[in-house]
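# Descriptive analysis of the structure
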Amino acid sequence: MSTKWNRRLLRLAHEVASWSKDRSTQVGAVLIGAERTPITFAYNGFPRGIDDTTDARHERPTKYMWTSHAEENAICNAARMGASTAGTTLYVTHFPCTGCARKIIQAGIAQVVVDRGTMDGPFLDRWERDIAVSSEMFAEAGVALVLADMDDDAPEES
């Protein structure tokens, strides 16, 4: 897909991320089929029906037991609707962790496009090891990985 469309769909993923009630990191994902056909979108947060107003559930490390990642939610939303994820592209605001990478591979998602601009600071400090292992898994499984720059003058891929 073109640089223009990667940026558009990543901007949409960032908009979706803003809906997350996570108090530290809002992550959004947009799942797109062939010819830019939208399938679903999702953000990180508690599962449907789970009380997200309980403060203790938002504190690390407890929040990791209560929170579903945006990528996981996108895959679950597609399953809930009966939509195939085989051969799709996932646009995500932040690099997928190893758990999400496994789900992406198992769901048959063909390409992952990540906003390169989110791979710094505290996020990178917490997730650097996962990023390395997720990258290795994607390469072995044949999932294309695009690190997209949101800057208009930057190249599309690395």
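Residues numbered from 1 in each chain as written. Predicted model: local features only at pLDDT ≥ 70, side-chain atom pairs only at ≥ 80, totals over all residues. Heavy atoms only, no water.

This brings us to the packing of helix 4 (residues 98-106) against helix 5 (residues 121-141). In contact at an axis separation of 9 Å, helix 4 and helix 5 are set at 15° when each is read in the N-to-C sense. One element, helix 4, and the other, helix 5, form an angle in the roughly parallel class. In the packing of helix 4 onto helix 5, the handedness of the crossing is right-handed. Between helix 4 and helix 5, the residues in contact are Thr98, Ala101, Arg102, Ile104 and Ile105 and Asp130, Val133, Ser134, Met137, Phe138 and Ala141, respectively. (Axes fitted to C-alpha atoms, helices over the stretch in contact; angles between N-to-C directions. Helix = DSSP H or I, 4+ residues; strand = E, 2+ residues; numbered from the N terminus. Parallel < 35°, antiparallel > 145°, perpendicular 65-115°, else oblique. Left-handed = near helix turned anticlockwise from the far one by under 90°. Contact = heavy atoms within 4.5 Å.)

A few words on the nonpolar core. In terms of nonpolar packing, the biggest core is built from 26 residues, with Leu90, Phe95, Ile104, Ile109, Val112, Val114 and Phe138 touching the most fellow members. When residues of this core are traced back to their parent elements, those giving at least two are strand 1 (28-32), helix 3 (70-81), strand 3 (89-92), helix 4, strand 4 (111-115) and helix 5. Ignoring any residue separated from it by four or fewer positions in sequence, one finds Ile104 in contact with Glu71, Ile75, Leu90, Pro96, Ile109, Val112 and Phe138. Counting nine residues, the second-largest nonpolar core is a separate cluster that includes Ala13, Val30, Ile32 and Val113. (Core = buried A, V, L, I, M, F, W, Y, C linked by side-chain atoms within 4.5 Å. Buried < 20%, exposed > 50% of the residue type's maximum accessible area, 1.4 Å probe, protein only.)

Size it by volume and the largest pocket reaches roughly 420 Å³. Within the residue set of the lining of the largest pocket, elements represented by two or more residues are strand 2 (38-43) and helix 3. Within the lining of the largest pocket, the residues separate by chemical class into eight nonpolar, eight polar and five charged. Put simply, the second largest pocket is a space of about 300 Å³. Looking at the second largest pocket, it is lined by 20 residues, and the ones nearest its centre are Val27, Asn44, Tyr64, His69 and Trp127. Looking at the lining of the second largest pocket, the elements with two or more residues in it are helix 2 (63-66), helix 3 and helix 5. With three residues, helix 5 is the largest single contributor of residues to the lining of the second largest pocket. A class-by-class count of the residues in the lining of the second largest pocket yields nine nonpolar, six polar and five charged. (1 Å grid on protein atoms, 1.4 Å probe; cavity = no way out; pocket = protein on both sides within 12 Å on 5 of 7 lines; lining within 4 Å. Points joined across faces, edges and corners; volume = space filled by probe spheres on them. Nonpolar A, V, L, I, M, F, W, Y, C, P; charged D, E, K, R; others polar.)

A separate point is the sheet that holds strand 2. With respect to topology, five strands assemble into an open sheet ordered 2-1-3-4-5, the strand pairing being mixed. On the outer flanks of this sheet lie strand 2 and strand 5 (144-148), each paired with one strand and no other. In this sheet, adjacent strand axes meet at a mean angle of 15° when their direction is disregarded. In terms of strand pairing, strand 4 meets strand 5 through five bridges, oriented parallel. Bridge pairing in strand 5 places Gln111 opposite Ala144. (Pairing = 2+ DSSP bridges.)

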